[in-house]
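# Residue-level structural notes
Residues per chain, in single letters:
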Amino acid sequence: MEKMIKTALLFMTLPIGASIAMANESKIAELESQLNALADYVESQSVAPSKTSLGGYGEMHYNNRQNGSNELDFHRFVLFVEHTFSDRIKFYSELELEHAIAGSGQVGAIELEQAFLQLDQNFGSIKVGMFLMPVGIVNETHEPSTFYGTERNPIEKYIIPTTWREGGVMYSANSLHGLSWDVAVHSGLNTTTSVRAGRQGVANAVADTVAYTGRLQYTGLAGLTVSASINQQEDMDQQTGGLGAATLVEGHVIYQLADIKLTALFSNWRIENGVDTQGSVLEASYRPSSSWGVFVRQNIWDDTGAGDKVQYDVGANYWPHEDVVFKFDVQQQNTLAGNQDGFNMGLGYQF
């Protein structure tokens, strides 16, 4: 009798267990459906990474010099805009306001310094548009937190006319052994006076002749950069019977050994029917921490044929953040350079 009762109870519980299992499966299925719906909603509300990015830099200077006026100047305010069309097509631009106020009768100017498409290929990259010339150290990399001294050195102002940009096409590539090269065909200078005055800024630029630039650079050893550039102008003043052809040769070496950095740069213009100009920079800096560093620099140049202009600079940079810098330096010039001895202070940032 007892056996019969147990058997009956077993058969009675089977439907109950099956019902419980079916109920659990139904709840699990419902929960999965709710989680999937929640995931779809979250995904629909998430913001896709922007294809357009914004950056920039700025710097303000105070100059206190003998035989010259004392000035406080927000020298540059610059905005970068970059847009990614695809993995292989990108756009880069740089818009600059110089000296705070631009307009009729004002000392400032609004300038487009870069605006080019970069087409990345397996064999290198191609820039088309307005781009910076691959010459010197400061012309391409001139954010204030990247160099010593309140002002840019005079050689990369008067001999290499930084910031120097042209319109055209440039091909760039590099190897696995630290060797890179750039070749460009672009608009040329147009000047009858100084090299710096010949920059046309790709603004209705006279383009009766073209110019060519090439650079070879080696960074295969830790701490060492060796670079050489050549620029060929078919006609320096874009007119028959004028200054004629001109060639710029520039080379520089940068060596970083622990906290010490040594820099040497030389540049020379040979102008067919004009005055050859040349200049050199020697700089040594010591940066024992990421927050501060000191430097000394010698600048020698001749941009008129009257003799060597000489300027010495010594000073310090303080970086409270890697992209924010405060600067102080003392300068001394000979008579040909203007005899403007004094000191300079500045602040700068980039983002």
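Structure report, in brief. This structure is a prediction, so every number in the text was calculated from the model and none was measured. (Residues numbered from 1 in each chain as written. Predicted model: local features only at pLDDT ≥ 70, side-chain atom pairs only at ≥ 80, totals over all residues. Heavy atoms only, no water.)

## Observations regarding unusual backbone geometry
Keep in mind that most residues, glycine aside, have a negative phi and that most peptide bonds are trans. Worth spelling out the cut-off: In DSSP terms, a helix is any run of H or I states spanning at least four residues, a strand is any run of E spanning at least two, and both are numbered starting from the N terminus. Exposure is judged per residue with a 1.4 Å probe applied to protein chains only, and the accessible area is read against the type maximum: over 50% gives exposed, under 20% gives buried, and values in between give partly exposed.
Omega for the bond connecting T162 with T163 falls within 30 degrees of zero, at 0°, which places this linkage in the cis form. With respect to the helices and strands, T163 occurs in the loop between α2 (155–159) and β6 (165–174). Not every positive phi belongs to a glycine, and N204 is a case in point at roughly 50°. Position of N204 among the secondary structure elements: in the loop between β7 (179–187) and β8 (210–218). Judged by its relative accessible area of 81%, N204 falls in the exposed class. Its identity as a non-glycine residue notwithstanding, N339 has a phi of 55°, on the positive side. Its location among the elements puts N339 in the loop between β15 (324–333) and β16 (342–350).

## Thoughts on the side chain of N299
Rules: Contacts described as polar in this section are N or O atom pairs within 3.5 Å, which, within protein, must combine one atom able to donate a hydrogen with one able to accept it, while residues neighboring in sequence count only if both atoms come from side chains. In what follows, residue pairs with any heavy atoms lying within 4.5 Å of each other are defined as contacts.
Note that N299 resides in strand β13 (residues 292–302). Of the polar contacts made by the side chain of N299, one reaches the side chain of D313; its length is 2.7 Å. Sequence-distant contacts of N299, defined by excluding residues within four places in its chain, comprise N153, P154, I155, S280, V281, K309, V310, Q311 and D313.

## A short note on the pairing of strand β4 (residues 109–121)
The following threshold applies: Only strands that DSSP links by at least two bridges are regarded as paired with each other.
Pairing between strand β3 (residues 89–98) and β4: ten bridges, direction antiparallel. Note on β4: the bridge partner recorded for E96 is E111. Two strands pair when backbone bridges link them, and β4 and strand β5 (residues 124–132) are joined in this way by seven bridges, in the antiparallel orientation. Within β5, the position partnered with L117 by the bridge is V128. Hairpin connection, β4 to β5: the antiparallel pair is bridged by two residues.

## Observations concerning the pattern of salt bridges
Quick reminder of the rule: By salt bridge we mean one thing: a side-chain nitrogen of Lys or Arg within 4 Å of a carboxyl oxygen of Asp or Glu.
Under the criterion given, the structure shown has nine salt bridges. Residue R76 is joined to E96 by a salt bridge in which the shortest nitrogen-to-oxygen separation is 3.5 Å. Of the two residues, R76 is situated in strand β2 (residues 71–84) and E96 in strand β3; the sequence distance between them amounts to 20 residues. Grouping residues by exposure puts R76 and E96 together as buried. Two residues, D182 and R215, come together in a salt bridge whose shortest N-O distance is 3.0 Å. Of this pair, D182 sits in strand β7 while R215 sits in strand β8, placing them 33 residues apart in sequence. For D182, a relative accessible area of 8% puts it in the buried group. Relative accessible area serves as the criterion here: at 13%, R215 is assigned to the buried category. When salt bridges with common partners are traced through the structure, they connect E59, R76 and E96 into a single cluster.

## Quick notes on the packing of aromatic side chains
Rule in force here: Any pair of Phe, Tyr and Trp rings, taking the six-membered ring for Trp, is counted once the centres come within 6.5 Å. Such a pair is stacked with planes under 30 degrees apart, edge-to-face with planes over 60 apart, and tilted for the rest. By the criterion adopted, a ring carries a charge over it if an Arg CZ or a Lys NZ lies within 6 Å of its centre and within 35 degrees of its normal.
All chains considered together, the criterion is met by ten aromatic pairs. Here F123 and Y171 contribute two aromatic rings whose centre-to-centre distance is 6.2 Å and whose plane-to-plane angle is 40°, an arrangement assigned as tilted. A residue pair is termed long-range when its members are at least 10 positions apart, and F123 in the loop between β4 and β5 and Y171 in strand β6 qualify at 48 residues. For the pair F328 and F343, a centre-to-centre distance of 5.9 Å together with 35° between the ring planes defines the contact as tilted. Taken together, the positions of F328 in strand β15 and F343 in strand β16 put the pair 15 residues apart, joining distant regions of the chain. For F328, a relative accessible area of 38% translates into the label partly exposed. Here the aromatic cluster, defined as three or more aromatic residues joined through ring pairs, consists of Y62, F328 and F343. Across the ring face of W319, the terminal group of R287 is positioned such that the distance to the ring centre comes to 3.6 Å.

## Some remarks on the environment of N299
Under the relative-accessibility criterion, N299 is labelled buried at 0%. Taking C-alpha positions, N299 is 6.0 Å from S280, a pair spaced 19 residues apart along the chain.

## Details of the nonpolar core
We apply this condition: Nonpolar cores were defined as sets of buried Ala, Val, Leu, Ile, Met, Phe, Trp, Tyr and Cys residues, with membership established by side-chain atoms within 4.5 Å.
Core analysis: the biggest nonpolar cluster contains 22 residues, and W164, M236 and W269 have the highest contact counts within it. Looking at this core, the elements with two or more residues in it are α2, β10 (246–257) and β11 (260–271). Excluding its chain neighbours within four sequence positions, the residues that come into contact with W269 are I159, W164, L189, V195, N231, Q233, M236, A246, T247, L248, D276 and T277.

## Re the pairing of strand β12 (residues 277–286)
Burial of the side chains of β12 is restricted to one face: T277, G279, V281, E283 and S285 are buried, whereas none of Q278, S280, L282, A284 and Y286 on the reverse face is. Bridge count for β11 against β12 is ten bridges, and the pairing is antiparallel. Each bridged residue has a counterpart across the sheet, and for S267 the counterpart in β12 is G279. Between β11 and β12, which follow one another and run antiparallel, lie five residues. In this sheet, β13 lies alongside β12 in antiparallel orientation, the contact comprising nine bridges.

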